[in-house]
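Remarks on the overall topology
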Amino acid sequence: MPGGVTRRRPLLRFDGWIAGLGTASGTRVVVGHWHRSPFGPFSDVMLERPDGERLLLAPTPETADFVSDTYTFDVVRVVPVDVSVAADTWTVQAGPLDLRFTVGRRGPLGLLLRAVPGALARRPAWSALTDRPARLLLPGVRTRGSTGAGRREWYGARDLRPIRTASATFEGTDLGPTAPVEPPVRFGFGSAPRNPALTRITTMIALEPE
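Residues numbered from 1 in each chain as written. Predicted model: local features only at pLDDT ≥ 70, side-chain atom pairs only at ≥ 80, totals over all residues. Heavy atoms only, no water.

Further remarks concern the nonpolar core. Counting 25 residues, the largest nonpolar core has Val45, Leu97, Leu99 and Phe101 as its most contacted members. For this core, the elements supplying multiple residues, two or more each, are β1 (11-23), β2 (28-36), β3 (42-48), β4 (54-58), β6 (81-86), β7 (89-94), β8 (97-103) and β10 (152-170). Counting 22 residues, the second largest nonpolar core, distinct from the first, contains Met46, Leu56, Ala58 and Val181. (Core = buried A, V, L, I, M, F, W, Y, C linked by side-chain atoms within 4.5 Å. Buried < 20%, exposed > 50% of the residue type's maximum accessible area, 1.4 Å probe, protein only. Helix = DSSP H or I, 4+ residues; strand = E, 2+ residues; numbered from the N terminus.)

With that out of the way, let us pick up the packing of aromatic side chains. Enumeration according to the criterion identifies ten aromatic pairs in this entry. Here the aromatic rings of Trp90 and Phe101 are separated by 5.7 Å at their centres, their planes lie at 15°, and the arrangement is stacked. Separated by eleven residues along the polypeptide, Trp90 in strand β7 and Phe101 in strand β8 bring together distant segments of the chain. Like Phe101, Trp90 is buried. Ring pairs connect the aromatic residues Phe14, Trp34, Phe39, Phe42 and Phe66, which therefore count as one cluster. (Phe/Tyr/Trp six-rings, centres within 6.5 Å; stacked < 30°, edge-to-face > 60°.)

Inspection of the secondary structure assignment puts Thr202 in strand β13 (residues 197-206). A polar contact is formed between the side chain of Thr202 and the side chain of Asp15, at a distance of 2.6 Å. Those residues in contact with Thr202, other than ones at most four positions away along the chain, are Arg13, Phe14, Asp15, Ala121, Arg122, Trp154, Tyr155, Gly156 and Arg158. (Polar contact = N/O pair within 3.5 Å; in protein donor to acceptor, adjacent residues only side chain to side chain. Contact = heavy atoms within 4.5 Å.)

Time to look at the pattern of salt bridges. A full pass over the atoms with the stated rule returns twelve salt bridges. A salt bridge links Arg28 to Glu48, with the nearest nitrogen and oxygen atoms 3.3 Å apart. Taken together, the residues span a long stretch of sequence, with Arg28 in strand β2 and Glu48 in strand β3 at a distance of 20 residues. For the pair formed by Arg28 and Glu48, the shared burial category is buried. Notably, a salt bridge pairs Arg194 with Glu182, separated by 3.6 Å at the nearest N-O pair. Placement of the pair is Arg194 in the loop between β12 (178-179) and β13 and Glu182 in the loop between β12 and β13, with a sequence separation of twelve residues. Judged by relative accessible area, which is 46%, Glu182 ranks as partly exposed. (Salt bridge = Lys/Arg side-chain N within 4 Å of Asp/Glu carboxyl O.)

A separate point is the side chain of Asp44. Considering the arrangement of structural elements, one finds Asp44 in strand β3. One buried charged side chain, Asp44, makes no salt bridge at all; its nearest oppositely charged neighbour is Arg151, positioned 12 Å away. Of note is the side chain of Asp44, whose polar atom sits 3.4 Å from the side chain of Trp34. (Lys, Arg positive; Asp, Glu negative; His and termini not counted.)

Moving on: the environment of His33. Looking at the element boundaries, His33 is found in strand β2. The class of His33 is partly exposed, set by a relative accessible area of 22%. Considered as a pair, His33 and Gly22 are eleven residues apart in the sequence and their alpha carbons are 18 Å apart. Every residue in contact with His33, bar those within four places of it in the chain, is listed here: Asp15, Gly16, Trp17, Phe42, Ser43, Val83 and Trp90. A polar contact is formed between the side chain of His33 and the side chain of Ser43, at a distance of 2.7 Å.

Moving on to helix α4 (residues 124-137). Taking 1.5 Å of rise per residue, 14 residues should cover 20 Å, and α4 covers 20 Å from first to last C-alpha, within 8% of that figure. Of all bends in α4, the biggest is about 40°, found at Asp131, and the proline Pro133 comes one to four residues later. Among all positions in α4, only Ser127, Asp131 and Ala134 are buried. Looking at the buried residues of α4, the elements they touch are α3 (118-121), β9 (144-146), β10 and β13. (Expected span 1.5 Å × (residues − 1). Bend = angle between axes of the 7 residues up to and from the residue.)

Attention shifts here to the environment of Val92. When you line up the elements, Val92 lands in strand β7. Residue Val92 is classed as buried on the basis of its relative accessible area of 0%. It is 9.3 Å that separates the C-alpha atoms of Val92 and Ser43, two residues lying 49 residues apart in sequence. Leave out the neighbours within four places in its chain, and Val92 touches Val31, Val45, Asp82, Val83, Leu97, Asp98, Leu99 and Phe101.

This is the structure in structure tokens:
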């Protein structure tokens, strides 16, 4: 830059929920349900199969390109992704995936996260501060790190509820009952919590400088 001035990276914000769960078949599923984002409201699904194949299901070419530039996948499909919520039951239909899960009452950590002000959760400095406690409390979870294409990312959690039951089919095959997210998923720098959970979250992504 002229005069040695460094241009600040654009910072994109996504507000919504992330559900992460494993299944007895070995397929692990991560659902993003975003009510506010640079692309408007949308949902997407990331799956890792027992053989390690990583699959992205996204609703538009634009969201598919952005998510696949940020994380790592072996296969990307643009398909309708519909998420509906009725009380404690979530229903997800995304191309070859049909998923239904129910969440339970939040525990002490969920109650603590609900007390975090939204303005604080949206600060990268807060995510940097909570990264070490998150690793200790939820092995595999990170709240900051580097993603694909030189991007930086921060997570600010504001709620956490356990996923108690789930049923899922992929391409018509039953994936079996809920199981831990084991082994951890490998889309980015961190995994979903090992115990199936639904997290309210603010995700901030700093794009690479132009």
